[in-house]
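So the chains spell out like this:
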Amino acid sequence: MLNRLIYINLAVFVVVKLVDIVMMLSGVQAANPVVEFLGAYAGWENLIRHPWGVVTYMFLHQGFLHILFNLLWLFWFGRIFLEYFTGRQLLNVYICGGIAGALLYTLAFNIFPAFDATYAMAIGASAAVYAIVLATAVYVPNYTVYLLFLGQVKIKWIAVFSLISDLAMLDGANAGGHIAHIGGA
């Protein structure tokens, strides 16, 4: 299941990039229709017209570094998760975490005046991956991994650091992404 999730994310990324290339070579100056179709909209009107986005957005990436880091985290923590749980449970946590991230993102963008939900859209597996990270850290908090330059670190501290980082970056350019991360967690 872990490999399938990675392959699906990679396949969607390749499709998005191919559409981007075709549009660029054609001189089309518009948003990528695949992204617009699969993204999770924050505005109620767009969300009602694209309800599937609450699920499909968690397989959608545009930037190389975005997909790289999401899939690395998914791979690393997914392998630990699968030492204790099944592939079906991994999929359930991934999907539920992604949906929770989309819902918190949508609520925040419609509640707080600092955000404009009209055309806001979430993309990426981060919330789903965060769900796996936190589920693993809660189940085996003292599981130790080796981090370059830091040495041995318990995964509970990686999870805590990640959550604190997202909270600290709520006032940044990607506030919606950090809100989705927290929702997934």
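1. Considering the confidence of the model for the protein
Mean pLDDT over the protein: 95, with 100% of residues reaching 70 or higher. By mean pLDDT, helix α3 (residues 44-49) is the weakest element of the protein at 91, and helix α7 (residues 126-139) is the strongest at 97.

2. A look at the pairing of strand β4 (residues 151-154)
In the case of a regular strand, side chains alternate between the two sheet surfaces. Two strands pair when backbone bridges link them, and strand β3 (residues 144-147) and β4 are joined in this way by four bridges, in the antiparallel orientation. Opposite Tyr-146, over in β4, you have Gln-152 as the bridge partner. Linkage of β3 to β4, two consecutive antiparallel strands, is achieved through a turn of three residues, within which Phe-149 is found at a positive phi near 75°.

3. Focus: the packing of helix α1 (residues 2-26) against helix α5 (residues 64-81)
Angle between the axes and distance between the axes are the two parameters that describe a pair of packed helices. Packing of α1 against α5 brings their axes to within 10 Å, and their N-to-C directions diverge by 175°. As far as their axial angle goes, α5 and α1 are roughly antiparallel. For the pair α1 and α5, contact is made by Leu-2, Leu-5, Ile-6, Asn-9, Leu-10 and Phe-13 and by Phe-64, Ile-67, Leu-71, Leu-74, Phe-75, Gly-78 and Arg-79, respectively. Residue composition of the contact of α1 with α5, grouped by class: ten nonpolar, two polar and one charged.

4. Description of the nonpolar core
Ranked by size, the top nonpolar core spans 45 residues in total, and within it Tyr-57, Leu-74, Tyr-94, Tyr-105, Ile-132 and Ile-155 carry the most contacts. Listing elements by their share of this core, those giving two or more residues are α1, α2 (33-38), α5, α6 (87-111), α7 and α8 (155-168). Take this core: its biggest share by element is seven residues, from α7. The contacts of Tyr-105, once residues within four sequence positions are left out, are Ala-40, Ala-42, Ala-120, Met-121, Ala-122, Gly-176, Ile-179 and Ala-180.

5. Describing the side chain of Ser-162
Position of Ser-162 relative to the elements: it lies in helix α8. Among the polar contacts made by the side chain of Ser-162, one reaches the main-chain carbonyl oxygen of Ile-158 at a distance of 2.8 Å. Not counting residues up to four positions away in its chain, the partners in contact with Ser-162 are Trp-73 and Tyr-130.

6. Re α1
With 25 residues, α1 extends 36 Å from end C-alpha to end C-alpha; this agrees with the ideal 36 Å at 1.5 Å per step. When we look at burial in α1, the residues that qualify are Leu-2, Leu-5, Ile-6, Asn-9, Val-12, Phe-13, Val-16 and Met-23. Along its buried surface, α1 packs onto α2, α5 and α6. Once α1 finishes, Gly-27 follows within two positions and takes phi at roughly 80°, a positive value.

7. Some words on a nonpolar patch on the surface
Residues Val-14, Leu-18, Ile-21, Met-24 and Leu-25 make up a contiguous nonpolar surface patch of about 520 Å² in total accessible area. Since its relative accessible area comes to 66%, Leu-25 is described here as exposed.

Conventions adopted
- Residues numbered from 1 in each chain as written.
- Predicted model: local features only at pLDDT ≥ 70, side-chain atom pairs only at ≥ 80, totals over all residues.
- Heavy atoms only, no water.
- pLDDT = per-residue confidence, 0-100.
- Helix = DSSP H or I, 4+ residues; strand = E, 2+ residues; numbered from the N terminus.
- Pairing = 2+ DSSP bridges.
- Axes fitted to C-alpha atoms, helices over the stretch in contact; angles between N-to-C directions.
- Parallel < 35°, antiparallel > 145°, perpendicular 65-115°, else oblique.
- Contact = heavy atoms within 4.5 Å.
- Nonpolar A, V, L, I, M, F, W, Y, C, P; charged D, E, K, R; others polar.
- Core = buried A, V, L, I, M, F, W, Y, C linked by side-chain atoms within 4.5 Å.
- Buried < 20%, exposed > 50% of the residue type's maximum accessible area, 1.4 Å probe, protein only.
- Polar contact = N/O pair within 3.5 Å; in protein donor to acceptor, adjacent residues only side chain to side chain.
- Expected span 1.5 Å × (residues − 1).
- Patch = residues over 30% accessible without salt bridge, like charges linked within 9 Å, V, L, I, M, F, W, Y side chains within 5 Å.
- Areas by Shrake-Rupley, 256 points an atom, 1.4 Å probe, with all protein chains shown as cover.
- Salt bridge = Lys/Arg side-chain N within 4 Å of Asp/Glu carboxyl O.

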